[in-house]
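Reading the structure
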Amino acid sequence: MFTKRELIGIFNEAHCDFSKKHKVKCTLKFVGGDEFFSISKESKLIEENLIEGVPIIVGALVKHSVKGDTVYLCEDMINQLTSDKDFVKALVMHEFYHVLFKKKLKVNSLSEGAESEVRAKQAMIKEFPELSKHIV
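None of these values were measured; they are calculated from a predicted model. (Residues numbered from 1 in each chain as written. Predicted model: local features only at pLDDT ≥ 70, side-chain atom pairs only at ≥ 80, totals over all residues. Heavy atoms only, no water.)

Here the focus is the pattern of salt bridges. Note that side chains of opposite charge can pair when their charged atoms are close. Under the counting rule described, the total for this entry stands at 8 salt bridges. Between Glu-42 and Lys-63 there is a salt bridge; the shortest N-O distance is 3.3 Å. Of the two residues, Glu-42 sits in the loop between α2 (33–40) and α3 (44–51) while Lys-63 sits in strand β2 (residues 60–63), which places them 21 residues apart along the sequence. Overall, Glu-42 belongs to the partly exposed group, its relative accessible area being 40%. Bridged by salt links that share partners, the residues Glu-13, Asp-17, Lys-20, Lys-85 and Lys-89 form one connected network. (Salt bridge = Lys/Arg side-chain N within 4 Å of Asp/Glu carboxyl O. Helix = DSSP H or I, 4+ residues; strand = E, 2+ residues; numbered from the N terminus. Buried < 20%, exposed > 50% of the residue type's maximum accessible area, 1.4 Å probe, protein only.)

Laid out in structure tokens, this is it:
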């Protein structure tokens, strides 16, 4: 099981590795399951998944705002998913790609959300192929 301190360390390590290729600025915030679920429902892609009965089990997401980008981690959800540090690092790094590519998002729509996922996955496969195997 990961502690918050360990998750912060993984976040920082992922940010350090990512920053060797791209510069992104974002903050980290830990939230409980209910708040994570509430934030995730703001995404049209996740909203559609929920309608189709697909559960939200990733434990990491990014929220863009005019005040800045925030990566949200749900410690409980992550600990239910994995004990693999590289899996968590890959999740966090995937969110960094969403921050990097946020200017390509035109609106919060299902199609834009799906395209954003494809962009993040493809970039991660190209730039961090070993880590991408954990989540792609």
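With that out of the way, let us pick up helix α1 (residues 4–19). Spanning 16 residues, α1 covers 22 Å between terminal C-alpha atoms, matching the ideal 22 Å at 1.5 Å per step. Turning to α1, its buried residues number three or more, namely Leu-7, Ile-10, Phe-11, Ala-14, Phe-18 and Ser-19. Looking straight down α1, one finds its buried side chains confined to an arc of 160 degrees; they lie on one side. If you follow the buried residues of α1, they end up packed against β1 (26–30), β3 (69–73), α4 (75–81) and α5 (85–100). (Expected span 1.5 Å × (residues − 1). Arc of directions from axis to C-beta. Contact = heavy atoms within 4.5 Å.)

To continue, consider the pairing of β3. For β3, the buried fraction is high: 5 of the 5 residues fall into the buried class. Alternating positions in β3 separate into two faces, Asp-69, Val-71 and Leu-73 on one and Thr-70 and Tyr-72 on the other, with burial throughout. The pairing of β1 with β3 spans 5 bridges and is classified as parallel. The residue bridging Lys-29 from the neighbouring strand is Tyr-72, located in β3. Between β2 and β3, which follow one another and run antiparallel, lie 5 residues, and Gly-68 among them has a positive phi close to 135 degrees. (Pairing = 2+ DSSP bridges.)

A separate point is the packing of aromatic side chains. Tallied over the entire structure, the rule returns 5 aromatic pairs. Ring centres 4.7 Å apart and planes at 85 degrees place the aromatic pair Phe-18 and Tyr-97 in the edge-to-face group. A residue pair is termed long-range when its members are at least 10 positions apart, and Phe-18 in helix α1 and Tyr-97 in helix α5 qualify at 79 residues. For Phe-18, a relative accessible area of 0% corresponds to the buried category. Look at Tyr-97 and you get buried, because its relative accessible area is 0%. Their ring planes at 25 degrees and their centres at 6.0 Å tell us that Tyr-97 and Phe-101 sit as a pair that is stacked. Comparing Tyr-97 with Phe-101, the two get one shared label, buried. Through successive ring pairs, a cluster of aromatic residues spans Phe-11, Phe-18, Phe-96, Tyr-97, Phe-101 and Phe-128. Against the face of Phe-128 rests Lys-21, its NZ or CZ located 5.5 Å from the ring centre. (Phe/Tyr/Trp six-rings, centres within 6.5 Å; stacked < 30°, edge-to-face > 60°. Lys NZ or Arg CZ within 6 Å of the ring centre and 35° of its normal.)

As a further point, take the nonpolar core. With 29 residues, the main nonpolar core has Leu-7, Leu-73, Met-93, Phe-96 and Tyr-97 as its most contacted residues. Among the secondary structure elements, those contributing two or more residues to this core are α1, β1, β2, β3, α5 and α6 (110–127). Ranked by residue count, the leading element in this core is α5, at 9 residues. The residues contacting Leu-73, other than those within four sequence positions of it, are Leu-7, Leu-28, Lys-29, Phe-30, Val-31, Gly-59, Ala-60, Ile-78 and Val-92. Residues Ile-39, Leu-61, Cys-74 and Met-77 belong to the second largest nonpolar core, which totals 7 residues. (Core = buried A, V, L, I, M, F, W, Y, C linked by side-chain atoms within 4.5 Å.)

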